[in-house]
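# Topology and contacts: notes
If you want the building blocks of each chain, they are given just below.
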Amino acid sequence: MHLSHRTVIALSVIAGIATSGSAFAHGTMSKPSSRVYSCYQGNPENPTNPACAAAKTIGGAQPFYDWAGVNQANANGNHQAVVPDGELCSGGNSKYRGLDLNRSDWPTSPIRADSRGRYTFEFKAPAPHATREWKFYVTRDGWQPGSPLRWADLQEFCTVGNVPVSGDVYKLDCPLPKRSGQHIIYNTWQRSDSGEAFYTCADVRFEGGGGVEPPPQWQDAGPVTARGALEEGTTLTLRVFNAQGNDLERPEITLAAGQTAANQWPL
């Protein structure tokens, strides 16, 4: 009987470790602070921010403690297919539905472009992953804080490929679009080693009038052509510049088996 009692205790400890590990499995934006991370830092059990308090009423405090898990397991880059309009801040994940409340009083972070018109975002990731791409969006001019957030309200302004992690933080350098006042910056993080993706809403207040004009509508410049095959493991970077010579897009890909032929890797 004594042996049985010890066995039960051991299993309980293992279960507790597994639960804790899953709660901090992936990541969220820490600069500017994401909506869920701001609520986590602002007393999850008794939030001082009224929007966080309203979210807690809907989903309890646990989503705040699990700030790193706003995800879709099988997104595979098809974010609009798995995250419906009005559910962008929860990533379409019902556990985090309190984050979708249409309020104008969420905690906001000031944001300002540097002298280059750029900003270094920081994404806190206790469990880093190989990355296919990061995409950044900002709410359109004329969007009103407190309105439902739809994909049509977002304008993409930056794509970043796989970057090394520094400690538990990814630093993501992007041109910052010109905006004024309160907006939402939305981020998607798509893994390259699985279909899983993560979603971040950051409520920000643009200050200083810096930033750059968003890129114009894209025009087809024709296909990328290859001179020959490349080796497996080769990392390719496609750089798209504006008239001033600044990067507008810089996606990266590391070639896997089956992607190395001259008629494959340009795709």
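Residues numbered from 1 in each chain as written. Predicted model: local features only at pLDDT ≥ 70, side-chain atom pairs only at ≥ 80, totals over all residues. Heavy atoms only, no water.

### With respect to the sheet that holds strand S7 (residues 169-175)
Read from one edge of the open sheet, 3 strands run S1-S4-S7, paired in antiparallel fashion. Of all the strands in the sheet, the pair left with one neighbour each is strand S1 (28-31) and S7. The sheet shows a mean angle of 40° between the axes of neighbouring strands, taken without regard to direction. With 7 bridges connecting them, strand S4 (residues 118-124) and S7 associate as antiparallel partners. From the neighbouring strand, tyrosine 119 faces S7, where its bridge partner is cysteine 174. (Pairing = 2+ DSSP bridges. Helix = DSSP H or I, 4+ residues; strand = E, 2+ residues; numbered from the N terminus. Axes fitted to C-alpha atoms, helices over the stretch in contact; angles between N-to-C directions.)

### Some words on the pairing of strand S6 (residues 154-160)
Summarising burial for S6: 5 of the 7 residues are buried, a large majority. Bridge count for strand S5 (residues 131-139) against S6 is 6 bridges, and the pairing is antiparallel. Residue tyrosine 137 lies in a different strand from S6, and its bridge partner there is glutamate 156. (Buried < 20%, exposed > 50% of the residue type's maximum accessible area, 1.4 Å probe, protein only.)

### What about the pairing of strand S8 (residues 181-191)?
For S8, the tally of buried residues reaches 9 of 11 residues, placing the bulk of the element in the interior. Pairing geometry for S5 and S8, over 7 bridges, is antiparallel. What sits directly across from threonine 131, in S8, is arginine 191. The pairing of S8 with strand S9 (residues 197-206) spans 10 bridges and is classified as antiparallel. Its bridge partner lying in S9, tryptophan 189 is registered against phenylalanine 198.

### With respect to the state of the cysteines
The full count for this structure, using the stated rule, is 3 disulfides. Shown here is the disulfide that connects cysteine 89 with cysteine 201, its sulfur atoms set 2.1 Å apart. Sign of the S-S torsion, about -75° for the bond between cysteine 89 and cysteine 201, identifies this disulfide as left-handed. Taken together, the positions of cysteine 89 in the loop between helix H5 (79-82) and strand S3 (109-111) and cysteine 201 in strand S9 put the pair 112 residues apart, joining distant regions of the chain. Cysteine 201 shares its class with cysteine 89; the two are buried. Between cysteine 158 and cysteine 174 runs a disulfide, and the two sulfur atoms are separated by 2.1 Å. A torsion of -75° about the S-S bond marks the disulfide between cysteine 158 and cysteine 174 as left-handed. Within this pair, whereas cysteine 158 is found in strand S6, its partner cysteine 174 is found in strand S7, the two being separated by 16 residues in sequence. With respect to class, cysteine 158 is no different from cysteine 174; both count as buried. (Disulfide = S-S within 2.5 Å.)

### Overview of the confidence of the model for the chain
The predicted model of the chain averages 82 in pLDDT, with 76% of residues at 70 or higher. Contacts from residues 1-25, a stretch scored under 50 in pLDDT, to residues over four places away or in other chains number 10 contacts. Here residues 215-220 is a poorly scored stretch, pLDDT under 50, and it has 4 contacts once near neighbours within four places are set aside; other chains count. (pLDDT = per-residue confidence, 0-100. Contact = heavy atoms within 4.5 Å.)

### Re the nonpolar core
Leu149 and Tyr186 are the most contacted members of the largest nonpolar core, which has 27 residues in total. Where this core is concerned, the elements lending two or more residues are helix H2 (35-41), helix H3 (50-59), S8 and S9. Counting residues in hydrophobic clusters, the runner-up holds 23 residues, among them Ile111, Phe121, Tyr170 and Phe198. (Core = buried A, V, L, I, M, F, W, Y, C linked by side-chain atoms within 4.5 Å.)

### A closer look at the environment of serine 166
Inspection of the secondary structure puts serine 166 in the loop between S6 and S7. Accessibility expressed as a relative area gives 47% for serine 166, which makes it partly exposed. Sequence separation between serine 166 and alanine 125 is 41 residues, and the spatial gap between their C-alpha atoms is 9.7 Å.

### Considering empty space enclosed by the protein
Under the defined criterion, the tally for this structure stands at 4 cavities of 30 Å³ or more. By volume, the largest cavity amounts to about 130 Å³. The wall of the largest cavity is formed by 19 residues, among which Arg35, Leu101, Asn102, Ser147 and Ile184 lie closest to the centre. Here the second largest cavity is characterised by a volume of approximately 40 Å³. Lining of the second largest cavity is provided by Ala55, Lys56, Gly59, Gly60, Pro63, Phe64, Lys95, Tyr96, Gly98 and Leu99. Of all elements in the fold, only H3 and helix H4 (62-65) reach the threshold of two or more residues within the lining of the second largest cavity. (1 Å grid on protein atoms, 1.4 Å probe; cavity = no way out; pocket = protein on both sides within 12 Å on 5 of 7 lines; lining within 4 Å. Points joined across faces, edges and corners; volume = space filled by probe spheres on them.)

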